[in-house]
Structure formats: C-alpha cells, structure tokens
Amino acid sequence: MRRSRSLALGAIAAGLSLLVLLPSPAHAAPGVSGGSPVAVSRDVACEQRIVPSTDSGSACDASDEEPTSGDATPLSVEAGVAVSASGEAAPASPASACAPAPREDPTTLETSPPDASDVKKDPPDDPTASAASDDAGLVESTPVTTAAAARLATASDDASGYANMYRLYNPYTGEHFYTASLYEARADCIAGWRWEGIGWVAPTTSGDAVYRLYNPYAGDHHFTLSAVERDHLVSLGWRYEGVGWKSDGSGGPAVYREYNPYARSGSHNYTASALEDTQLGRVGWRREGVAWRAAEHERLAIDGFWLITSAWGSLERYWVDSGGMIATSRLVLPSEGTGYYAYATSSGAVVRGVRDRGNGWAWIAEQNGRLAGPAGGWVVTRTWDSGNLRRYWISDEGGYGLARVGWFERDGSTYYADGSCGYVACYVCLRRSDGWYFADSDGRATRLATGKIGYQNPPGFYQVSAYSVLLPSYAHGYFTYVTPSRIAPDATREQCAEAFVQRAVEYLGTPYRWDYSMQPGVGVDCVGLVMQCAYATGMDLGEFNPYDHMATGDSGWHSHDANNLWNYGSAMHVPVSDRRRGDVISWNGHVAVYVGNDTIIEAGAPGTRVRYNSLWYLGTPRGVIRLFQ
C-alpha cells in the first residue's frame, strides 16, 4: 500500500519538531520525463534490517508480510530532517528523482530532464518473493560503469584520508541521497535535488566498504555494508555502483539506518544524528540500528560555491560556504570565494534586485547577487531596474552600499524612494502624512499647498483639490459629513468629472430627506447630493455645505440651496444644449447630476430614493451649472 509524501506533513502537525518543512516545486520530478517510472513492489530492498553489529552475515529479512493494522504509519523523511552528528539541523537542499548522472559542468544551470527512454518501463518480479539466506552463494557483482560511478573511485582520494559525506534530498520522491563526491552532489543539485550539507565524515584509506546500489525502476539508491544484501539486490535487478565510501573500523560515531515500509522511493534514511533516528522511530519508521560507522574527524573545508536552483520554488542563487552550509541571514564576503559582496536572506536565497530592510535602507543587487558598490552619494544607472535609467542614493558601507528608501532629506531637499524598487521617485505626486508632494525630474519633492497641479478651474470659480474639504469652524454635530477627496493632485478635468459622477452612482437607493447631505444610505436632498459629489473632487462650495443647509431649518435661506447655487454659486452657466457628463442640471427649485445620454441621477422628492431619470421629465431645464471648466 503506497503512502504519499503528504504523510510527512502529518508528522510535522503531530509535533515532529525536528522536521523543517520547505516548499516543494509544483512541476514534475527532476530528472524524470513523462511521469514517474514504474516502481518495484513495496520494498525493493526486501524490508532488509541492518543488525546492530558489523557481522558479515545476511542483513536481509525475508519476511513479506504487510504491517499489521496496529502498526503506526511511518512518515516520510522531509528535507530539513537533516541533522548533523552533533544534533544540529543541517541545511535543506536540492536533488533529482532518478539520481541523475553528474553534468560535465556542475556550474551550468540546467533544469531540463533526461530523455524518458532512459527510464525502464517494465517492473521486475516482486523483489520480496524470495530473499537471500545466510548461506546463499555470493553473486559476482561488477559495478555499473556510469559517470557517477566512475567518479566514486576518486571521490574519496583526499590526502587527509577522510572525505565529507554530502547529503541531498529529492522533494518529489522523498529520497535522501549520500555521496562522497562533491562533483556529483553539485550536479544533482543542478538537476533539482536540495542540498542538505555534510552528513558525516568517512574514512577513505581504511575501514569496511559501504556498497552503493541503484534501483532503475523506482529511482532509489541503497547503501549497505553487507555483501550478501548487495548481491541479493543485484539479483533482483538493482544496479551495483561500487564502493561509495568506507565505514570506520575503529568504532567511530554511529550512522543509523531507518526504513519506511510504505515508501516506494526513499524508503531508507541514514543519519549520524541519534535524535533524528529516535524521532523517525516515534513517527512510524523502523529503526534498523547502526548501518556503519563515521570517522571521528571534523568536517573538511570545501571551496564555497554558488548553487543556482529552483528546488525550493522559484529559480534562485544560494551560497554554499566552506563548511558545506547554505548561508542564511548574513552578508556573504568576497573572501569566501564569491568575488563580491552578497546578502543571503533567511531562506538562503541571495538578494537580487531590491530588498527593503525596514529601517530606511534597502539591499540592492544585480541579478547575480552582487551588492551595489560603496558610493556615499547619488548614483544614476540602468543597472538595477531592467535597463531603465534611475536615480539612487547609495551609502558607503565599506565594500558595498545600501539604497536609501522612504522619505529622506539630502542637501536641504526632500526625496522619496520606494522600498520595493530603491530608486528615487521623479515627476510624480506623492502622499505623505502632512500632505501631497510633487517630485520633479531630479526627485526633489515639494509640498503642494493647494493639493493640485495641472488642470484647475480659473480663478474666481470653485477649485478642485486632492485635499478633502474642511467645513467652516462653526460647523459641528451630526450634519458635518464630508465625502473625502478621491482625486490625485494631477487629475485631469475628465478625471474630476468622473469622480463627481461616480460619487452620485454610490448614492443610488439613498432615501430623499429634506435639507440632508449625509452618507449614502442615510439621506440627501437634491442639492445635498450635489454637495457630496463635489466634495469627492475636493471642491469647497463655501456656504453651500451640509451644516448650513440643515441649520437654517425647513424654511431657512439655505433650505433653498438648489436655487441659491444657481443664483450665487461660483460656477459657470452654460445652455442645456452644451451639457456634458459631470455637469449639474438646474430647474427652478431642483438640481441633478448629468451622466450623459439625456440621463440624470437625482434625489427627486420626499418618499423617493436617489435614482436615474430622464433629463426631460420635469420639462426643459433652465440651464447647466458647469463645475469643471
């Protein structure tokens, strides 16, 4: 019965604090074209158990029975379970579904899978149908000659007599892979495996051989000290790939082996962490004891390198340092081998483009991760915005620079740079807590006292503004509602007229109430509707306002503001024949908003609601009040 990798998520939900879940790519498994290869039945390694001794007898359990219903369902080992021998979590990393052969150039980014014909389609007989016994004759096994296997012989040739064991994870199949070859590890990462750092250190000149085998049907690797187990798996169709590394014969730190009977691929996990071994046992994996012994030796320093991969989602660059760890949340120095400064984020991906630090400064880097050089002043360049010429203020941090973002002052002028792009805003209106500003072609921002640039009504007529209207200081209480201005400082005449009309649309269905000019749904009369629409453009109508309109009472002067606006308002009068969208249509004792096509929006009479109506339903209007010239 096959269990999916989603079981691992359950393990985390169940409180497996050791696991660190990383996002998986959504595309097909790396190294596989046209779907997953046919896998062998249940456990191609015959549910083999490693006896906690180094006895050369059979380590293969011939039992073929399914786990009983009472068995806990084991959970797959996810990327991030990687734990060092000291118990520290190792970095998660990239990997391929079918252990791809190393590329000739491991620094070349390559994401295309191999040809599907490389994957064998017909499954072998059930590998659990028979098992090797202790006295079974050994099969003469010859390693398969592959690019990966050819390098195994030289992978451990180190003058120190020791080699790092690199650990990788395939997010699509759940398999962990181990190799003493940094070349092979890097090549597999290019193919999509996740780098999980150095699992342990193995001896290279002494000790017992650890055999490496590959299942071409499931895309799975297996490692064992047992020649019997090796030969039995070869007889079942596994490919023998030679000696992967050595086991310390002097009782070095244990490397544990765990088995998941439900997994088709990645059924075995190997770890130098007793904590990881224990945790996997608690969530249903079968703990199979000590697989072999690591060397009692510190990890060997490696030359740091760039890892370019989409194994964690989008295509990103990561820096693997001399300790085999992916750099995170720190500055990467040129002295590490990068040749330039870079910044590794908490995910490990280095900043490319702009990343706001949240303190008035932003990281800014080229697409290869190279941070901006130290400047200590203005920089005009096309480097950081897809070839667009931009202006930046770059600091001098002693080897690299940061971009100044947010509002800031330089040489007596005010500037603004958005934290998402890093460059100074130019020739644009900007909103600040104290009002609107306009940034010129050099980015110098000047506060707009009137809240408007560009289009404006002539002097002597009502003015539009991006600032909301303030009622007279004497206005107080309930009847003081003002629609906030919704136009930009550089709004055109057409944009102002459209804001006026759209506010009228928002009042449709509002009840008619004499002398009201309140929120939508509360109530307005005919001129009260016009007031609120004008306020949407920041237009102050002076004494024609919600407070005065109500304050003089039902028979007061301002209760007749529909006529007063025609007679005394500071707006242009035009004939009905010149009407256009956004005008105010006027009859004796009534006004309405003209929306075009001989249609008005009006608050008509008591007992009705704001509605559309015909321009002509009250007869020919006396004229048009043009608020926007």
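The paragraphs below set out a description of the structure included in this document. (Residues numbered from 1 in each chain as written. Predicted model: local features only at pLDDT ≥ 70, side-chain atom pairs only at ≥ 80, totals over all residues. Heavy atoms only, no water.)

**A word on the overall build of the protein**
Piece 1. Across its full length, the protein holds 9 helices and 29 strands.
Piece 2. Out of the 629 residues in the protein, the part that is buried amounts to 54%.
Piece 3. Partitioning the intrachain contacts of the protein with sequence separation of at least 6 by distance along the chain shows that 63% fall at a separation of at least 24.
Piece 4. Accessible surface computed for the protein: about 25,900 Å², of which carbon and sulfur atoms make up 49%. (Helix = DSSP H or I, 4+ residues; strand = E, 2+ residues; numbered from the N terminus. Buried < 20%, exposed > 50% of the residue type's maximum accessible area, 1.4 Å probe, protein only. Contact = heavy atoms within 4.5 Å. Areas by Shrake-Rupley, 256 points an atom, 1.4 Å probe, with all protein chains shown as cover.)

**Things to note about unusual backbone geometry**
Piece 1. Non-glycine residue Ser 329 carries a positive phi angle of around 50°.
Piece 2. The backbone of Asp 411 sits at a positive phi, close to 55°, despite the residue not being glycine.
Piece 3. Within the secondary structure, Asp 411 sits in the loop between β19 (406–410) and β20 (413–417).

**Points about the nonpolar core**
Piece 1. Core analysis: the biggest nonpolar cluster contains 49 residues, and Tyr 462, Phe 500, Met 539, Val 593, Leu 627 and Phe 628 have the highest contact counts within it.
Piece 2. At the level of secondary structure, the elements contributing two or more residues to this core comprise α6 (493–506), α7 (526–535), α8 (546–551), α9 (561–568) and β26 (590–596).
Piece 3. Per-element tally for this core: the top contributor is α7, with 8 residues.
Piece 4. Apart from the residues lying within four places of it in its own chain, the contact partners of Leu 627 are Asn 457, Tyr 462, Phe 500, Ala 534, Met 539, Ala 571 and Val 584.
Piece 5. Counting 32 residues, the second-largest nonpolar core is a separate cluster that includes Trp 193, Ala 202, Val 255 and Ile 326. (Core = buried A, V, L, I, M, F, W, Y, C linked by side-chain atoms within 4.5 Å.)

**Considerations on the packing of aromatic side chains**
Aromatic ring pairs are described here by two measures, namely the spacing of the ring centres and the angle between the planes.
Piece 1. Tallied over the full model, the rule gives 35 aromatic pairs.
Piece 2. With a centroid separation of 5.8 Å and an interplanar angle of 85°, the aromatic rings of Tyr 178 and Phe 223 are classed as edge-to-face. Taken together, the residues span a long stretch of sequence, with Tyr 178 in strand β2 (residues 176–179) and Phe 223 in strand β5 (residues 220–224) at a distance of 45 residues.
Piece 3. Each ring, one from Tyr 211 and one from Tyr 240, has its centre 6.0 Å from the other, and the planes form 65°; the classification is edge-to-face. Of the two residues, Tyr 211 is situated in strand β4 (residues 208–215) and Tyr 240 in strand β6 (residues 239–247); the sequence distance between them amounts to 29 residues. When sorted by exposure, Tyr 211 lands in the same class as Tyr 240, which is buried.
Piece 4. Among the aromatic residues, ring-to-ring pairing joins Phe 177, Tyr 178, Trp 193, Trp 200, Phe 223, Trp 245, Tyr 270 and Trp 292 into one connected group.
Piece 5. It is Arg 186 that lies over the ring of Phe 305; its NZ or CZ is 4.2 Å from the centre. (Phe/Tyr/Trp six-rings, centres within 6.5 Å; stacked < 30°, edge-to-face > 60°. Lys NZ or Arg CZ within 6 Å of the ring centre and 35° of its normal.)

**Things to note about the sheet that holds strand β25 (residues 584–587)**
Piece 1. Reading across the sheet, the 6 strands line up as β24-β29-β25-β26-β27-β28 and stay open at both edges, with antiparallel pairing between neighbours. One side of each edge strand has no neighbouring strand; the edge strands of this open sheet are β24 (572–574) and β28 (611–614). Neighbour-to-neighbour, the strand axes of this sheet turn through a mean angle of 40°, independent of strand direction.
Piece 2. Bridge count for β26 against strand β27 (residues 599–602) is 3 bridges, and the pairing is antiparallel. Each residue of the ladder has a partner; that of Val 593, found in β27, is Ile 601.
Piece 3. Running over the sheet, α6 touches β25, β26, β27 and β28 and is turned about 110° from β26.
Piece 4. Sitting on the sheet, α7 touches β25, β26 and β27, and the angle it makes with β26 is about 50°. (Pairing = 2+ DSSP bridges. Axes fitted to C-alpha atoms, helices over the stretch in contact; angles between N-to-C directions.)

**What about the sheet that holds β4?**
Piece 1. With antiparallel pairing, 3 strands are arranged side by side in an open sheet as β5-β4-β6. In this open sheet, the two strands that pair with only one neighbour each are β5 and β6. Each strand of the sheet is rotated relative to its neighbour by a mean of 25°, with strand direction disregarded.
Piece 2. Here β4 runs beside β6; their pairing, made up of 6 bridges, is antiparallel. Bridge pairing links Tyr 214 to Arg 239 in β6.
Piece 3. On the sheet, helix α4 (residues 227–235) packs against β4, β5 and β6 and is oriented at approximately 20° with respect to β4.

**Concerning α6**
Piece 1. The first and last C-alpha atoms of α6 sit 20 Å apart over 14 residues, in line with the 20 Å expected at 1.5 Å per residue.
Piece 2. All of the buried residues along α6 are Arg 493, Cys 496, Ala 497, Ala 499, Phe 500, Val 501, Arg 503 and Ala 504.
Piece 3. In this fold, the buried residues of α6 make contact with α7, β25, β26 and β27. (Expected span 1.5 Å × (residues − 1).)

**Focus: α7**
Piece 1. Counting buried positions along α7 yields 10 of 10 residues, so the element is predominantly enclosed.
Piece 2. Here α7 has its buried residues at Cys 526, Val 527, Gly 528, Leu 529, Val 530, Met 531, Gln 532, Cys 533, Ala 534 and Tyr 535.
Piece 3. In this structure, the buried side of α7 is in contact with α6, α8, α9, β25, β26 and β27.

**Some details on the side chain of Glu 241**
Piece 1. Structurally, Glu 241 can be placed in strand β6.
Piece 2. A polar contact is formed between the side chain of Glu 241 and the side chain of Arg 212, at a distance of 2.6 Å.
Piece 3. A polar side-chain atom of Glu 241 sits 3.3 Å from a polar atom in the side chain of His 221. (Polar contact = N/O pair within 3.5 Å; in protein donor to acceptor, adjacent residues only side chain to side chain.)

**Side note on the environment of Ser 395**
Piece 1. Secondary-structure assignment places Ser 395 in the loop between β17 (390–394) and β18 (403–404).
Piece 2. We classify Ser 395 as buried; its relative accessible area is 5%.
Piece 3. Once residues within four sequence positions are removed from consideration, Ser 395 is found in contact with Trp 361, Gly 373, Pro 374, Ala 375, Gly 376, Tyr 400, Gly 401 and Leu 402.
Piece 4. Within polar-contact distance, the side chain of Ser 395 engages the side chain of Glu 397 at 2.7 Å.

**Focus on the pairing of β2**
Piece 1. Residue alternation in β2 divides its side chains into two sets, His 176 and Tyr 178 and Phe 177 and Thr 179, and both sets are buried.
Piece 2. As judged from the 4 bridges shared by strand β1 (residues 162–169) and β2, these two strands associate in the antiparallel manner. Directly across from Arg 167, in β2, lies its bridge partner Tyr 178.
Piece 3. Hairpin connection, β1 to β2: the antiparallel pair is bridged by 6 residues, and Gly 174 has positive phi, about 85°.

**A word on the pattern of salt bridges**
Piece 1. In this structure the tally under the stated criterion is 19 salt bridges.
Piece 2. Put simply, Arg 287 and Asp 277 hold a salt bridge, and the shortest N to O gap is 2.9 Å. Of this pair, Arg 287 sits in strand β9 (residues 286–293) while Asp 277 sits in helix α5 (residues 274–282); the two residues are 10 residues apart in sequence, bridging distant segments of the chain.
Piece 3. Owing to a relative accessible area of 48%, Arg 287 belongs among the partly exposed residues under this scheme.
Piece 4. Residues participating in the shared-partner salt-bridge network are Arg 167, Glu 196 and Glu 276. (Salt bridge = Lys/Arg side-chain N within 4 Å of Asp/Glu carboxyl O.)

**Here we look at the packing of α6 against α7**
Piece 1. Contact geometry for α6 and α7: axes closest at 8 Å, N-to-C directions at 130°. When the axis of α6 is compared with that of α7, the two are oblique. By crossing handedness, the relation of α6 to α7 is classed as right-handed. Residues Phe 500, Arg 503 and Ala 504 of α6 lie in contact with α7, whose contacting residues are Leu 529, Val 530, Gln 532, Cys 533 and Ala 534.
Piece 2. Across the contact of α6 with α7, the residue classes tally to 6 nonpolar, 1 polar and 1 charged. (Parallel < 35°, antiparallel > 145°, perpendicular 65-115°, else oblique. Left-handed = near helix turned anticlockwise from the far one by under 90°. Nonpolar A, V, L, I, M, F, W, Y, C, P; charged D, E, K, R; others polar.)

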